[in-house]
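Descriptive analysis of the structure
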Amino acid sequence: MENKRYKILLVEDDRLDQMAFKRLVKEENLPYDYTIAGSTRQAKQILSTEKFDVIFIDYLLGDGTAFDILDSIAGTPSVFATGTGSEELAVKAMKSGASDYLIKDPARNYLKVLPEVVENSIRHKKAEQELKKYQEKLIELVNERTEELAEEKELLAVTLSSMADAVVAVDADDRIMLLNKATEQITGWQFN
């Protein structure tokens, strides 16, 4: 991605994991401005006043779980990490809005994929935003065209009804699609 600094919130109560994260950012010279919260309470306080590009959340925290935080960060890419993972927990995390899910290992090798996970989470969020804008624009265009067609139909109906000449419109299968009052008067046909 472009050369940009990312604002990261790490929600982690384990001091060794916090230190490993800081060390990774420093050693890899990652473009992260980070804040660390050691509890769900602290994370909620920080989130009430600050916005982040990505939030990295440990599942089990001293005063709750990552699920206690996921609800308050809707719209922000979040990476769910746990040392006690299961498929059920991964599915629940993803359904709750997590962008990604990582299993912690004792050697903290899971942190090595963090730069790629952050990039992918941000890229995915941008794609979602672009898709939403595209859908909104498409709906707007459809509504505008529907209004235009209704106006054109009304103009056509008024024009046809005011013509003194008989007019009959048929489709490709020679089915009558419409006829005007002059045609009804001349032929006696009724079009409903």
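Preceding block: the structure.
Here's a quick rundown of the structure. Just so it is clear, the model here is predicted, and its values are computed rather than measured.

1. Observations regarding the nonpolar core
Residues L9, V11, I55, I57, I69 and F80 are the most contacted members of the largest nonpolar core, which totals 22 residues. Listed by contribution, the elements that provide at least two residues to this core are β1 (6-11), α2 (40-47), β3 (54-58), α3 (67-70) and α4 (87-95). When neighbours within four sequence positions are excluded, V11 is seen to be in contact with A37, S39, A43, I55, F56, I57, D58, L61 and I69. Y6, L10, L111 and V117 belong to the second largest nonpolar core, which has 21 residues in total.

2. Notes on the packing of aromatic side chains
Throughout the structure, instances matching the rule amount to six aromatic pairs. Ring geometry for F67 versus F80: centroids 5.3 Å apart, planes at 45°, classification tilted. Residue F67 is located in helix α3, and its partner F80 is located in strand β6 (residues 78-82); the two are separated by 13 residues in the primary sequence. Pairing F80 with Y101 gives two aromatic rings, centres 5.5 Å apart and planes at 15°, and the pair type is stacked. A residue pair is termed long-range when its members are at least 10 positions apart, and F80 in strand β6 and Y101 in strand β7 (residues 100-103) qualify at 21 residues. A relative accessible area of 1% means that F80 is categorised as buried. Among the residues examined, Y101 registers a relative accessible area of 15% and is labelled buried. Ring pairing ties together the aromatic residues Y59, F67, F80 and Y101, which thus form one cluster. When the ring centre of F52 is taken as origin, the NZ or CZ atom of K7, which lies over that ring, is 5.1 Å away. Geometry around F67 places K92 over its ring, the cationic atom sitting 4.4 Å from the centre.

Rules used in this analysis
- Residues numbered from 1 in each chain as written.
- Predicted model: local features only at pLDDT ≥ 70, side-chain atom pairs only at ≥ 80, totals over all residues.
- Heavy atoms only, no water.
- Core = buried A, V, L, I, M, F, W, Y, C linked by side-chain atoms within 4.5 Å.
- Buried < 20%, exposed > 50% of the residue type's maximum accessible area, 1.4 Å probe, protein only.
- Helix = DSSP H or I, 4+ residues; strand = E, 2+ residues; numbered from the N terminus.
- Contact = heavy atoms within 4.5 Å.
- Phe/Tyr/Trp six-rings, centres within 6.5 Å; stacked < 30°, edge-to-face > 60°.
- Lys NZ or Arg CZ within 6 Å of the ring centre and 35° of its normal.

Geometric values such as these leave the question of function open.
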